[in-house]
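Read off the chains here:
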Amino acid sequence: MQTGHRGSFDTHCRRWRRPRKRLRSAGSLLVALQLLIAALPGVWPTRVWASAPQLAGLPAAWRDDRGQPFDLRTMRGHAVVLTMAYATCHRVCPVTMRRLQQMQREFDRRGTSAEFLVIGYDPDHDDAQAWRQYRETRHLMRDNWHFLIGTRTAVEQTARQLGFEFWKYDEHVMHDTRILYFDERGRLVETRQAAGYETTPR
Amino acid sequence: MGTTTSRRVTPGRAWAGVLLAACLGHTLVTYAAAGDSDRIAALEHKLDQSLQLIRQLSARVHDLEAQVAQAPPAAAKPTSPGAAAAAPATAAAAPPGTPAATQPGAAAATAPDTAQRLARVEQTVTEMAASAGQHAEDLGMPMHGFADVGVGNHNAEFHQYQGADVGELDFFLTPRLGSRTRALFELNFEVGSDGAVGVDLERAQIGYQFSDSATVWLGRFHTPYGYYNTAFHHGQQIATSLRRPRFIEFEDHGGIMPAHTVGAWLTGSQRVGDDKVTYDVFIGNSQRIQGGILDMNNAGNTHGSTIVGGNLGMLMSGALDGLKVGVDVFQTRILDEDAPSPAPATRVRSYGVYAAYDTDAWEDIAEFHVFDNDDLTGHTGTHRSDAGFVQMGYRAGRYTPYARYERGAFQQSDHFFAAQINGESYYRTALGLRFDVDLVSSLKLELADTHLTDRVTGSYDEALLQYAIRF
């Protein structure tokens, strides 16, 4: 029985030899094609560098913590420090705010100026009053600090364009401590993480 | 043999042909590429020039709009007060020859309708860009969640075990369904009291947001009593403490309150002056006791009874910013399905009061519940029990030390508590320290002393360490 099995197995294998041979030829062709493709210097897609985020490319219409419309385009001509936060964050955002205050002190010491923009992650919960309260209790009342509220679409689009990764866990927003610095022409020139104080030139 | 010979020769020829073709192809292509490289460089240069031109034109459009917006006849586009002052500075700061340095008079001469047209075009482009990005984002659902592991002289949830333990792996899914439709699923892999890993759909709720102040959810949700049960969920990395207070643990981890409800939940908040009022109203399947544990009747129940409740809270402002106070109540009818038929039924009525002070420095929570239960079948009358906890935490940078005292005084003549494995009275004191390793992980150490005071009398000390992450 075993021999019989072996015999039938061999027969079965033989039956499949021809197709395998044909496949080998096809395989050779494929290898050849691959060689040709690899040899072509212009076949690989040219690496496209994503253009650096610019303030001008962000949604323009926001509201500030007084409930007034705020047009982001009016920031042109000013250096801008931008981050995102949510008002009931007590663990991560305070670190970012302290870092922003530190940057503000540094600007003051150098005699330079910048506009500080804090965009709210969670427009569903953080309205103008919440941000107003936030500013008052944390003494962040300087005129060049703007706490902005947008539509959920605008917030998500902005976060996507600027690389702010976040997700919501009920009323908690999971996020990082990213801080961006734009020059007077609205070009992103530096990215920082407030928590680790790492600086990444764009 | 002939066949064999043929097999050997044919591939050899094929390979030779392939190599020849490859060499030939490579030579030709390299030759052609040398000619193309100049052309590509020229094209890249042209592309760069085009991009530069686009940027300049965009800048020009923005400047014109900003200047038109400042001109009195065309002051339709509002700006922030700070920004209004910034616009002249824009021109001043811009180098000569750039669009921003254009004289204001020239902008004033621009017709208002031109400005409006420009605004419309820009709005359209912005919407298109947003729409394109939105579609790209919608192609997949991001996967997020939490996990934790621990070690201790006892297991944090099941104190009969000791050593290292796997806490849970919690996947949190929030598919994007539209501007008002909401969905939330929490799939939890956790170790049960038998030491085996089980999977639980902890939350499965689909909702519709009518407005900022009203969202209705259907499905399985965390019963909105007190503060802790809806402020903290299964992701332990979020919570300051290593574990939940014992009496409001989840049902399969020893909790004696119905932490989950399957039903409908209306929730929202509304500003009242500077303060904010929060509210919850819910109705769902009444729970049952099965295997000494509360079960939320995911499939419905056989007798049609319900749990009904509500929660009313107020978020303070001004000097009391960060303080939330509230009251809650629920009523349900619990069947003990472990007992011989007819199953004993208890009408459970809970009244709660809570306060939470959550600021950048402090996280203090206090919660107290009174149970006014009625034996509906055993004729043992009414029983009153209570439970509560106070927890104080102080955020000092990456370290958050905390302390908690909790206590549950449960009448053992009350069938609702007597039938539950963890329904005995107790009190526990705990001291802990949370250390944020980074933004996504934390180490927690807790020393606790638990006293059991009625069903069995005794105590045990715990030293627990937990490593919790989110992803």
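If you're wondering where the values come from, they're calculated on a predicted model, not measured in any experiment. (Residues numbered from 1 in each chain as written. Chains lettered and ligands numbered in written order. Predicted model: local features only at pLDDT ≥ 70, side-chain atom pairs only at ≥ 80, totals over all residues.)

(A) View of the overall build of chain A. When helices and strands are tallied, chain A shows five helices and ten strands. Taken across its 202 residues, chain A has 36% of its residues classed as buried. In chain A, the proportion of contacts linking residues at least 24 apart, taken out of those at least 6 apart, comes to 64%. (Helix = DSSP H or I, 4+ residues; strand = E, 2+ residues; numbered from the N terminus. Buried ≥ 20, exposed ≤ 12 C-beta atoms within 10 Å, placed from the backbone. Contact = placed C-beta atoms within 7 Å.)

(B) Fine view of the overall build of chain B. When you go through chain B residue by residue, the secondary structure sums to six helices and 18 strands. Put simply, chain B has 471 residues, and 35% of those count as buried. Contacts in chain B between residues far apart in sequence, at least 24 positions, make up 54% of those at least 6 positions apart.

(C) Highlighting helix H4 (residues 128–138) of chain A. Residue and element names in this part refer to chain A. Taken as a whole, H4 has its buried residues at Ala130, Trp131, Gln133 and Tyr134. Taken end-on, H4 shows its buried residues confined to a sector of 160 degrees, consistent with a single buried face. Immediately beyond the C-terminal end of H4, within one or two residues, lies histidine 139, with a positive phi of roughly 55 degrees. (Arc of directions from axis to C-beta.)

(D) View of the environment of asparagine 422 of chain B. Residues and elements named next belong to chain B. Take asparagine 422: it is sitting in the loop between helix H6 (415–418) and strand E16 (426–438). Residue asparagine 422 is classed as buried on the basis of its C-beta count, with 22 C-beta atoms lying within 10 Å. With near-sequence residues (within four places) excluded, asparagine 422 lies in contact with Gly254 and Ile256.

(E) Region of interest: the nonpolar core. Core analysis: the largest hydrophobic core is formed by 44 residues, its most contacted members being Val80 and Leu148 of chain A. Going through the elements one at a time, strand E3 (80–85), helix H3 (93–110), strand E4 (115–120), H4, strand E5 (145–148), helix H5 (152–162), strand E7 (172–174) and strand E8 (178–182) of chain A are the ones with two or more residues in this core. The greatest single-element share of this core, amounting to five residues, is contributed by E3 of chain A. Those residues in contact with valine 80 of chain A that sit more than four places away from it in its chain are Leu55, Met75, Ala114, Glu115, Leu117 and Phe182 of chain A. Ranked by size, the runner-up nonpolar core spans 27 residues in total, among them Ile248, Ala259, Tyr354 and Ala419 of chain B. (Core = buried A, V, L, I, M, F, W, Y, C linked by C-beta atoms within 7 Å.)

(F) Structural detail: the environment of alanine 356 of chain B. Residues and elements named next belong to chain B. In this structure, alanine 356 sits in strand E12 (residues 345–358). Exposure remark for alanine 356: the 22 C-beta atoms within 10 Å place this residue in the buried category. Through-space distance from the C-alpha of alanine 356 to that of arginine 271 is 19 Å; in sequence the pair is 85 residues apart. Look past the residues within four positions of alanine 356 in its chain and what remains in contact with it is Tyr227, Lys324, Asp364 and Ile365.

(G) Molecular detail of the pairing of strand E5 (residues 214–222) of chain B. Residues and elements named next belong to chain B. Examined bridge by bridge, strand E4 (residues 197–211) and E5 share seven bridges and lie antiparallel to one another. Pairing of alanine 204 across the sheet is with arginine 220, part of E5. Hairpin connection between E4 and E5: a loop of two residues separates the two successive antiparallel strands. Strand direction decides the pairing type here: E5 and strand E6 (residues 260–272), joined by eight bridges, are antiparallel. Paired with arginine 220 across the two strands is valine 262, which belongs to E6. (Pairing = 2+ DSSP bridges.)

(H) Spotlight on the pairing of strand E15 (residues 399–409) of chain B. Residue and element names in this part refer to chain B. Pairing geometry for strand E14 (residues 382–394) and E15, over eight bridges, is antiparallel. Opposite glycine 393, over in E15, you have tyrosine 402 as the bridge partner. The loop that links E14 with its antiparallel partner E15 comprises four residues; one of these, glycine 397, has a positive phi angle of about 65 degrees.

(I) Representation of H3 of chain A within the structure. Residue and element names in this part refer to chain A. The terminal C-alpha atoms of H3, which comprises 18 residues, lie 26 Å apart, in line with the 26 Å expected from a rise of 1.5 Å per residue. Within H3, the full set of buried residues consists of Cys93, Val95, Thr96, Met97 and Leu100. In this structure, the buried side of H3 is in contact with E3, E4, H4 and E8. (Expected span 1.5 Å × (residues − 1).)

(J) Representation of the confidence of the model for chain A. Residue and element names in this part refer to chain A. Counting all residues, the mean pLDDT for chain A is 79, and 71% of those residues have values of 70 or more. Scored below 50 in pLDDT, residues 1–26 makes three contacts in the model with residues more than four places away or belonging to other chains. Here residues 35–50 scores under 50 on pLDDT; set against residues more than four positions off or in separate chains, the count is 13 contacts. (pLDDT = per-residue confidence, 0-100.)

(K) A look at the confidence of the model for chain B. All names here are of chain B. Model confidence for chain B is summarised by a mean pLDDT of 81, while 70% of its residues fall at 70 or above. Counting interchain partners and residues more than four positions distant, the pLDDT-below-50 stretch residues 71–110 has 64 contacts. Confidence drops under a pLDDT of 50 for residues 129–137, and excluding neighbours within four residues, the segment shows five contacts in the predicted structure. In the model output, the complex is listed with pTM 0.72 alongside ipTM 0.71.

(L) Just the environment of serine 413 of chain B, in detail. Residues and elements named next belong to chain B. Within the secondary structure, serine 413 sits in the loop between E15 and H6. Residues serine 413 and proline 245, 168 residues apart in the sequence, show an inter-C-alpha distance of 23 Å. In contact with serine 413, not counting residues within four places along its chain, are Thr380 and His383.

(M) How the structure looks around unusual backbone geometry. The peptide bond linking serine 341 of chain B to proline 342 of chain B adopts the cis configuration, its omega dihedral lying at 0 degrees. Mapped onto the secondary structure, proline 342 of chain B falls in the loop between strand E11 (323–336) and E12. Its identity is not glycine, yet histidine 139 of chain A carries a phi of approximately 55 degrees, on the positive side. Residue position: histidine 139 of chain A is located in the loop between H4 and E5. Judged by the 8 C-beta atoms lying within 10 Å of it, histidine 139 of chain A falls in the exposed class. Phi is positive for aspartate 170 of chain A, which is not a glycine, with a value near 55 degrees. Along the chain, aspartate 170 of chain A falls in the loop between strand E6 (167–169) and E7.

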